[in-house]
Amino acid sequence: MNILLTGATGFIGSSVLPRLLDEGHSVTALVRDADKAAVVQAAGASALIGDAVDTALLERAAQDSDGVIHLASGEDVDAVLVPAVLRGLAGSGKPFVHTGGIWTYGSNDDIAEDSPVDPPALTAWRATAEALVHEATDVRGMVVVPSIVYGHGKGLPNVIVDAPVGSGAVPVLSLIGDGSQHWATVHVDDLAALYVLALEHGAPGTTYIGAGGQNPTVRELGEAAAQSAGIAGGVAAESLEDTRSRLGEGFADALLLDQQARGTKARIDLGWEPNGPTLLEELLVGSYAPARV
C-alpha cells in the first residue's frame, strides 16, 4: 500500500517510517520544508511538501493514498487535518490510523481501551478528533494511544534525566513531585510495530493502547537515572508547587498522573509483541545513560 504519513521526521515517525518500508509499503511523507523532505527521501520515502492545515492538499493526498497514519497530532492541526483526511478517504473503506494519548484516561491503575476518560487540561482537546475517526462509517478509522514513549535517548524520559541536581554537599536528582506516580511506558520501536499492525489489520472504530506492560514509578526511574549518572545522593522529592513552577502547571499535572496499562487488546487482536528493552534498562545502561569514556 502507498501510505500517507504525517510526522515522519518526529520521534515516533522516525521509527514508523522504516517499519512501513520494511513491511513492503511505500510511503508519502507530508513534510513542511525541503530539509525535512531530504530526510524522508534519504530514508526511502517520497516527500510531499505542504502544510498540515492545507485542506485541499490533505484531501487530495488522502484520496490518492491507500491509507493514512497521522502522527503529527496537535490541537490546531487535528481540528483541520482529521476532517480533511476523512473527506479524502470517504467511501473508500481505506484505513486511517490516528494518534491519541494515554493522559486522556487520567489516573488509573489498570487502563484499558474502554476505561473512563478524565483528561488533564493539557490534552482535553483530543476527544473531538478521536470521535470523528471512531464514528466514520465509510473509512476504517482507528486510534492508537501511545503511553509514555521512550527509546534512542529521546522523548519524555529526558525530563527525568535532565532534572535539576541540587547544589548541596551531596547532590540529588529532583523528582517530578514525590515520584510515587506510575508511568505506563512503551519503546518507540514496539510502538511503530503497533501502528503498522493497526493499519494492516485493525478493526474500524477501534482504539489500541500502546503499552509495553512495564509501569515503573517516577521514583524508580529517577533512581535509575541518578545511579547511571553517578549522583551520590540519589533522588529527592519535589513539592507540587515547585514541580509546577519548573515544568509549567499543565505539563506538570499530566506528568503527575498515576497510570498503569498493559496493552492487552493489541496483543490479543493484532498479535502485537512488544519486546524492546524496558525504560529502567534504558536509563541504567542504555540510550539515556551518560556516555562512558
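It should be noted that the structure appears before, not after, this text.
The sections below set out a description of the structure shown in this document. (Residues numbered from 1 in each chain as written. Predicted model: local features only at pLDDT ≥ 70, side-chain atom pairs only at ≥ 80, totals over all residues. Heavy atoms only, no water.)

As for the overall build of the protein chain
Across its full length, the protein chain holds twelve helices and 14 strands. Taken against the 2.2 N^0.38 rule, which gives 19 Å for 293 residues, the C-alpha radius of gyration of the protein chain at 20 Å falls within 12% of a compact globule. The 293 residues of the protein chain split such that 49% are buried. Put simply, 76% of the contacts in the protein chain that link residues at least 6 apart link residues at least 24 apart. Distance between charge centres in the protein chain, computed from 16 positive and 37 negative side chains, equals 3 Å. (Helix = DSSP H or I, 4+ residues; strand = E, 2+ residues; numbered from the N terminus. Rg over C-alpha atoms; globule rule 2.2 N^0.38 Å. Buried < 20%, exposed > 50% of the residue type's maximum accessible area, 1.4 Å probe, protein only. Contact = heavy atoms within 4.5 Å. Lys, Arg positive; Asp, Glu negative; His and termini not counted. Charge placed at Lys NZ, Arg CZ, Asp CG, Glu CD.)

With respect to the side chain of serine 147
Among the secondary structure elements, serine 147 is positioned in the loop between β7 (140-146) and β8 (148-151). Within the local environment of serine 147, its side chain forms a polar contact with the backbone oxygen of glycine 210, the two atoms lying 2.7 Å apart. The contact partners of serine 147, leaving out residues within four places of it in the chain, are Ile102, Ala184, Thr185, Val186, Gly210 and Ala211. (Polar contact = N/O pair within 3.5 Å; in protein donor to acceptor, adjacent residues only side chain to side chain.)

Description of the pairing of β8
With burial as the criterion, each face of β8 is covered, one bearing Ile148 and Tyr150 and the other bearing Val149 and Gly151. Of the pairings in the sheet, the one linking β8 to strand β11 (residues 185-187) comprises three bridges and is parallel in character. Note on β11: the bridge partner recorded for isoleucine 148 is threonine 185. For β8 and strand β9 (residues 154-155), the ladder comprises two bridges, and the chain directions are antiparallel. For glycine 151, the partnering residue across the bridge sits in β9 and is lysine 154. (Pairing = 2+ DSSP bridges.)

Overview of the sheet that holds β9
Spatially, β9-β8-β11 is the arrangement adopted by the three strands of the open sheet, whose pairing is mixed. Looking at strand neighbours, the two that pair on one side only are β9 and β11, the edges of this open sheet. Packing of helix α7 (residues 188-201) onto the sheet brings it into contact with β8 and β11, and relative to β11 it is tilted by some 85°. (Axes fitted to C-alpha atoms, helices over the stretch in contact; angles between N-to-C directions.)

Comments concerning the sheet that holds strand β3 (residues 46-49)
Taken in spatial order, the seven strands of this open sheet run β3-β2-β1-β4-β5-β7-β12, and their pairing is parallel. Of all the strands in the sheet, just β3 and β12 (206-210) have a single pairing partner and so form its edges. Pairwise comparison of adjacent strand axes, ignoring direction, gives a mean angle of 20° for this sheet. Note that strand β2 (residues 26-31) and β3 share four bridges and pair parallel. Bridging from a neighbouring strand, valine 31 pairs with isoleucine 49 of β3. Across the sheet, helix α4 (residues 75-89) touches β1 (2-6), β4 (67-70) and β5 (95-99), and the angle it forms with β5 is around 170°.

So, the pairing of β4
Alternating residues of β4 divide into Gly67 and Ile69 and Val68 and His70, and every residue in both groups is buried. The pairing of β4 with β5 spans two bridges and is parallel. What sits directly across from isoleucine 69, in β5, is valine 97. Viewed along the sheet, the connection from β4 through α4 into β5 turns out right-handed. (Right-handed = clockwise from strand over helix to strand, strands pointing away.)

Points about the pattern of salt bridges
With the rule as written, the count across this model stands at six salt bridges. With a shortest N-O distance of 3.9 Å, arginine 19 and glutamate 23 are connected by a salt bridge. Judged by its relative accessible area of 34%, arginine 19 is partly exposed. Close ionic contact of aspartate 269 with lysine 265 constitutes a salt bridge, the shortest N to O distance being 2.8 Å. Taken together, the residues aspartate 269 and lysine 265, both in helix α11 (residues 264-270) and four residues apart, mark about one turn of the helix. Owing to a relative accessible area of 41%, aspartate 269 belongs among the partly exposed residues under this scheme. (Salt bridge = Lys/Arg side-chain N within 4 Å of Asp/Glu carboxyl O.)

Some points on helix α8 (residues 218-229)
End to end, α8 covers 16 Å across twelve residues, agreeing with the expected 16 Å (1.5 Å per residue, within 8%). All of the buried residues in α8 are Val218, Leu221, Gly222, Ala224, Ala225, Ala226 and Ser228. Buried residues in α8 make contact with α6 (157-161), β10 (173-174), β13 (235-236) and α12 (279-285). Just downstream of α8, glycine 230 is the residue with a positive phi angle, here 70°. (Expected span 1.5 Å × (residues − 1).)

Thoughts on the side chain of serine 228
Take serine 228: it is sitting in helix α8. A distance of 3.2 Å separates the side chain of serine 228 from the backbone oxygen of leucine 284, its partner in a polar contact.

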